[in-house]
Amino acid sequence: MGSTVTVLEKKDFLKWFLNHYQLKKRECVWLLNYLVSDEALMENVHFVENAEYCPKAIIMSTNCVDGVPFRFYKQNILTTDAEKSFHDIRLNQDEDVYIELKFKAAYRTPQYVAVLEENPHIPENMVPDKKYGLWAEMILDQSFSHFRKKSLQSQIDEALDRKDYESFERLTKELNKL
């Protein structure tokens, strides 16, 4: 699987993450530091949601959230032993590893969202319908257009108050284009 997130972006994120959060298991820190230290490994690392559906996945939690400290999934096998996952990753460096990090406000954290990739292994019945994405886009476009219109109207009023007819004409043309 080709990643749209660069190795450098993933490494920078993990360094940032390790500096800002404390994982529930110290072995997790060792594992993440090991991944950061190897560019070839980082090429195969993917940050996803619902990692448990992936063929090889790691889920880690920080102290600031409820949840299991560590889980490693490989095919249909689950272990909570971080050392086993370390050895598997070390011995199978050409396999993709999908990581889900659970920490406070994860999906509102720009650093995490920037490295998140779409999970290609989510079952069909869990994949959101594409029409909802289109509707959301349409609503955002409409909302932005409404905001821009209100902003231009306000700027036009201010230009009139200042008797700045040059700005008034420019802003009016822009409003008419909307």
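Scroll up to find the structure.
The model shown is predicted, which means the values in this text are computed figures rather than measured ones.

Novice: Could you give an account of the side chain of Thr-62, naming the residues involved and the relevant values?
Specialist: As for its placement among the helices and strands, Thr-62 is situated in the loop between strand E2 (56-61) and strand E3 (70-74). Taking the relative accessible area as the measure of exposure, Thr-62 reaches 1% and is therefore buried. When near neighbours in sequence (up to four residues on either side) are disregarded, Thr-62 contacts Phe-17, Tyr-21, Gln-22, Leu-23, Lys-24, Lys-102, Phe-103 and Lys-104.

Novice: Tell me about the pattern of salt bridges, and name the residues and values.
Specialist: If the charged atoms of two oppositely charged side chains come close together, the side chains can form a pair. Within the structure shown, the criterion is met by eight salt bridges. Across the pair Lys-11 and Glu-39 runs a salt bridge, and its minimum N-O distance is 3.4 Å. Here the residue Lys-11 occupies a position in helix H1 (residues 7-20), and Glu-39 occupies one in helix H3 (residues 39-43), the gap between them amounting to 28 residues. Given a relative accessible area of 13%, Lys-11 falls into the buried group.

Novice: Kindly report on the packing of aromatic side chains, identifying the contributing residues and their values.
Specialist: Evaluation of the coordinates by the stated rule reveals eleven aromatic pairs. On the basis of an interplanar angle of 45° and a centroid distance of 5.9 Å, the ring pair of Tyr-107 and Tyr-112 is categorised as tilted. Exposure remark for Tyr-112: the relative accessible area of 0% places this residue in the buried category. Ring-pair connections join several aromatic residues into one group, and the members of that group are Phe-13, Trp-16, Phe-17, Tyr-21, Phe-47, Phe-103, Tyr-107 and Tyr-112.

About the cut-offs
Residues numbered from 1 in each chain as written. Predicted model: local features only at pLDDT ≥ 70, side-chain atom pairs only at ≥ 80, totals over all residues. Heavy atoms only, no water. Helix = DSSP H or I, 4+ residues; strand = E, 2+ residues; numbered from the N terminus. Buried < 20%, exposed > 50% of the residue type's maximum accessible area, 1.4 Å probe, protein only. Contact = heavy atoms within 4.5 Å. Salt bridge = Lys/Arg side-chain N within 4 Å of Asp/Glu carboxyl O. Phe/Tyr/Trp six-rings, centres within 6.5 Å; stacked < 30°, edge-to-face > 60°.

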